[in-house]
Amino acid sequence: MPNRFLIPVLITGMILTGACNSLWSKYQDMQCVENCDDPDPRRHVLYEQPVWQTLQMFLGEMLCFLPMLYTTLSARWRASSIQLPEDSPDDTLEDLSESQKLPPQRLTGRRILLLWLPALCDLTGTTLMNVGLLYTPVSIYQMTRGALVLFVGVFSVLFLHRGLYVYQWLSLLTVMAGVSLVGFSGSLIKDTLQPVAPSLVSFLSSTPANGPPANEPIETPEATKVVIGVFFILFAQIFTAAQFVIEEKILGQYTVPPLLAVGYEGLFGAISIIILLPFLSLIKPPASSPAAAWFDLVRGWHQLIDTPSVLYSGIVIACSIALFNFFGLSVTKYVSATARSLTDTCRTLAIWIVSLMLGWELLVWPISLLQVVGFGLLVYGTFLFNDLVKPPRFLRPSERVISAAAASVLAEAEEEGAPLLFGDVLDETARLPANLGTVGYDVAPPEAQGTTRSRSGR
């Protein structure tokens, strides 16, 4: 257990780096990369390269290899300086008799390639979310991502064959209501202060290229833009939920240090994008299509390299993603998973507050009130699903139902001959997080190891 001074540092670091991920990504989207000297702002070309933004995220995840490399080298140095006595035959027999206590097989060798599957899901989901961020305020973007728990819960039932209690189904409906309110509040936005790319709006609404004067708000296209952005973000959560379910399926049989798994997913995701680059360049959407800029990767590369604000913000995003994973895993390990979930909620609030202070968004009555109510429902539903708050008494499952569910899980594990993820195994085993972080890996806190229940939502 770290000292009391270190815990606030870890929590503060998680909030700051988590907020930086979304805020700097939105800042990058707002940068002018072409025709910036034109007095007509409608002719300015903003940075719209979701594929390159996904690559910079994977590069940030690859930075998680650095602490793992340091840990490995330090362990080897300590092992070489300490000589342990050889085990006696009796000790060896005793160890063999306790083979059932051994942890699951480690994910090494060619089995590491299994992590390529969730990396592909991460690639698709992150690219879609980057597209959604182009057309939504950053606070709505962050809140809409909370729909992840809804898809994770449904996928757990469909593909992991897990049952949900009644209160967990109601919590998913609460999350759906919260996301709907947040999206609806975004559709009511009439005008925003930040410069935005009107290409998608004009493409869908058939607005003429010259359009109305710049000083007149374009009400309908602005609302259409936010709704479409919310749709992209919600659609992305399907792939992110699939990523989490695949990770849980793989890591139910193998163990891997969480930071190492994040690093491998970053490596596989970056390799996948590099392989896809030649094929994406062959896609030629019409010039009037908003996707024309997304797949013009050569043009996007020059925009990235030739625009210092875009390049430097990309470096900051990559570093903040690596630090966010480090701080998040540290908070879960040394404090609790509950603390990480609460901290992640504070991250969303911090993003909203900073965007208001920067003038990117406005507090508009009653739109902002709807957004607050939707966010409250989203947080409550997520906490209720993950047992961070107690459900109403009439919805709580009886002890008989809980005991029967636990006995079923134990019997199934014994039949399969697979070691259970209890006790010391969870100390180094990646599992599905209780919060809505950017990756699907977490570390069970030591104090929760003895009471961890293997059922839906965990």
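Structural data are supplied above this passage.
Residues numbered from 1 in each chain as written. Predicted model: local features only at pLDDT ≥ 70, side-chain atom pairs only at ≥ 80, totals over all residues. Heavy atoms only, no water.

1. What to know about the packing of helix α2 (residues 50–62) against helix α5 (residues 116–134)
Turning to step 1, where the next piece is worked out: Across the interface, α2 lies against α5 with an axial gap of 9 Å and an inter-helix angle of 130°. Relative to α5, the element α2 lies oblique. Read as a crossing pair, α2 and α5 show a hand that is right-handed. In this structure, α2 contributes Pro50, Val51, Gln53, Thr54, Met57, Phe58 and Glu61 to the contact, and α5 contributes Ala119, Asp122, Leu123, Thr126, Thr127, Asn130 and Val131.
Turning to step 2, where the next piece is worked out: Partitioning the contact of α2 with α5 into residue classes produces seven nonpolar, five polar and two charged. (Axes fitted to C-alpha atoms, helices over the stretch in contact; angles between N-to-C directions. Helix = DSSP H or I, 4+ residues; strand = E, 2+ residues; numbered from the N terminus. Parallel < 35°, antiparallel > 145°, perpendicular 65-115°, else oblique. Left-handed = near helix turned anticlockwise from the far one by under 90°. Contact = heavy atoms within 4.5 Å. Nonpolar A, V, L, I, M, F, W, Y, C, P; charged D, E, K, R; others polar.)

2. Describing the state of the cysteines
Turning to step 1, where the next piece is worked out: Counting across every chain of the model gives one disulfide.
Turning to step 2, where the next piece is worked out: Shown here is the disulfide that connects Cys32 with Cys36, its sulfur atoms set 2.3 Å apart. The disulfide joining Cys32 to Cys36 has a torsion of about -115° about its S-S bond and is therefore left-handed.
Turning to step 3, where the next piece is worked out: Classification of Cys32 as partly exposed rests on a relative accessible area of 21%. (Disulfide = S-S within 2.5 Å. Buried < 20%, exposed > 50% of the residue type's maximum accessible area, 1.4 Å probe, protein only.)

3. Remarks on a nonpolar patch on the surface
Turning to step 1, where the next piece is worked out: A surface patch of nonpolar side chains, about 490 Å² in accessible area, is lined by Ile271, Ile275, Leu276, Phe279 and Leu282.
Turning to step 2, where the next piece is worked out: Note on placement: Ile275 falls in helix α11 (residues 258–281).
Turning to step 3, where the next piece is worked out: In this structure Ile275 comes out as partly exposed when scored by relative accessible area, which is 48%. (Patch = residues over 30% accessible without salt bridge, like charges linked within 9 Å, V, L, I, M, F, W, Y side chains within 5 Å. Areas by Shrake-Rupley, 256 points an atom, 1.4 Å probe, with all protein chains shown as cover. Salt bridge = Lys/Arg side-chain N within 4 Å of Asp/Glu carboxyl O.)

4. Here's the deal with the pattern of salt bridges
Turning to step 1, where the next piece is worked out: Counted by the stated rule, this structure contains four salt bridges.
Turning to step 2, where the next piece is worked out: Salt bridges sharing common partners tie together Asp40, Arg42 and Arg43.

5. Digging into the side chain of Asn130
Turning to step 1, where the next piece is worked out: Along the chain, Asn130 falls in helix α5.
Turning to step 2, where the next piece is worked out: By relative accessible area, Asn130 is classed as buried at 8%.
Turning to step 3, where the next piece is worked out: A polar side-chain atom of Asn130 sits 3.2 Å from a polar atom in the side chain of Thr54.
Turning to step 4, where the next piece is worked out: For Asn130, the residues in contact, after removing those within four places along its chain, are Asp29, Pro50, Gln53 and Thr54. (Polar contact = N/O pair within 3.5 Å; in protein donor to acceptor, adjacent residues only side chain to side chain.)

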